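A look at the structure
Spelled out from the first residue to the last, the chains are:
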Amino acid sequence: MKAYFITGTDTDSGKTVVTQAVLQHLADKGLKTLAMKPVASGCDWDGTRWINADATNARRHMTLDCDYGLTNPFAFEPAIAPHIAAQEADVSLSLEDMLQHFERLVALNPDVIVVEGAGGWLLPLSDQLMMPEFVKAINAEVILTVGMKLGCLNHAMLTEQAIFSSSVPITGWITNQPSVEPMARSEQNLDTLKQRMASSHLGSISFDANWQNLALGHLINLPD
Ligand SMILES: Nc1ncnc2c1ncn2[C@@H]1O[C@H](COP(=O)(O)OP(=O)(O)OP(=O)(O)O)[C@@H](O)[C@H]1O
Ligand SMILES: C[C@H](N)[C@H](N)CCCCCC(=O)O
Ligand SMILES: [Mg+2]
């Protein structure tokens with residue numbers, strides 16, 4: 001069993017789009033997949049529970065089925081930093097609880113679990129816990145989403161360095177265009193990233209307002 005953790009240069013960089021592409025790519029390879037968005041802030045009440053759009057979207061592209069609560073065990077209403085949302089809801093996020101939820105997915109026997117983070121790499125979950133500790137504990141490999149906008153060179157290189165400092169393996173990085181207008185000198189910025197990043201460029205995703213209904217798996221290339 002393998003786990004990929006999808007992080008990004010920032011919130012709104014395109015992690016949810018990349019999570020969809022990775023799930024589709026793995027499905028195209030015939031692999032059994034499950035998705036996880038362990039902690040989500042920015043949720044809607046569906047009459048029974050808080051539901052997060054990233055989790056719902058990822059669930060549309062996994063090949064195995066599971067209860068919503070296994071995909072997204074921690075869901076908070078306000079679209080704010082998750083550790084603050086958790087505090088306000090009187091929920092304490094612990095590594096033990098998060099691992100227990102992850103193990104419930106493992107028990108369903110997938111080939112791959114694709115986990116979407118929240119925000120960027122260094123995400124606090126409580127006064128004691130940061131997201132990279134969870135990523136390390138589940139032995140995931142990281143895929144970094146680079147949102148192609150001015151400032152992404154610094155954010156991409158800093159994030160890659162921080163992932164290395166956390167002693168977590170990186171599969172590589174995927175560029176995503178999060179706005180209808182491409183950034184100025186997009187190609188030159190991509191060339192700079194290719195020159196400066198230590199890990200591999202795994203693919204590029206363009207802007208398309210209809211992305212949720214598109215097949216994106218062929219745009220990326222993951223090692224077997
Ligand atoms: N390639 C794309 N084509 C069209 N829209 C995009 C694309 N990438 C991102 N967007 C839009 O930008 C917004 C942010 O993207 P996304 O939700 O993937 O970010 P994120 O990194 O997952 O953020 P979060 O930290 O909230 O999980 C979304 O509204 C999405 O529709
Ligand atoms: C609400 C938002 N869309 C994300 N789900 C959470 C982003 C948290 C960012 C925390 C931070 O680094 O400041
Ligand atoms: Mg997202």
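Rules used in this analysis
Residues numbered from 1 in each chain as written. Chains lettered and ligands numbered in written order. Predicted model: local features only at pLDDT ≥ 70, side-chain atom pairs only at ≥ 80, totals over all residues. Heavy atoms only, no water. pLDDT = per-residue confidence, 0-100. UniProt positions renumbered as here; feature names shortened; annotations may be inferred. 1 Å grid on protein atoms, 1.4 Å probe; cavity = no way out; pocket = protein on both sides within 12 Å on 5 of 7 lines; lining within 4 Å. Helix = DSSP H or I, 4+ residues; strand = E, 2+ residues; numbered from the N terminus. Buried < 20%, exposed > 50% of the residue type's maximum accessible area, 1.4 Å probe, protein only. Polar contact = N/O pair within 3.5 Å; in protein donor to acceptor, adjacent residues only side chain to side chain. Axes fitted to C-alpha atoms, helices over the stretch in contact; angles between N-to-C directions. Parallel < 35°, antiparallel > 145°, perpendicular 65-115°, else oblique. Left-handed = near helix turned anticlockwise from the far one by under 90°. Contact = heavy atoms within 4.5 Å.

**As for the confidence of the model for the protein chain**
With 100% of its residues at a pLDDT of 70 or more, the protein chain has an overall mean of 98. Scored as a complex, the prediction yields pTM 0.99 and ipTM 0.99.

**Thoughts on the UniProt feature "binding site: Mg(2+)" (unreviewed entry) in the protein chain**
With numbering aligned to this structure, UniProt lists the feature "binding site: Mg(2+)" (unreviewed entry) at Thr16, Asp54 and Glu116. A maximum C-alpha distance of 8.3 Å places the annotated residues, which cover 101 residues in sequence, within one compact spot. From the set just named, the residues that line the largest pocket comprise Thr16, Asp54 and Glu116. With respect to the element layout, Asp54 can be found in helix 2 (residues 53-60). Its relative accessible area of 22% is what places Asp54 among the partly exposed residues. Engagement of the side chain of Asp54 in a polar contact is seen with the side chain of Lys37, the distance being 3.0 Å. Relative to the helices and strands, Glu116 resides in strand 7 (residues 112-116).

**Section: the packing of helix 1 (residues 15-28) against helix 2**
The contact between helix 1 and helix 2 brings their axes to 9 Å, and the two run at 15 degrees. Looking at the two axes, helix 1 sits roughly parallel to helix 2. Crossing hand, helix 1 versus helix 2: right-handed. Mapping the contact onto sequence places Thr16, Thr19, Gln20 and Leu23 in helix 1 and Asp54, Asn57 and Ala58 in helix 2.

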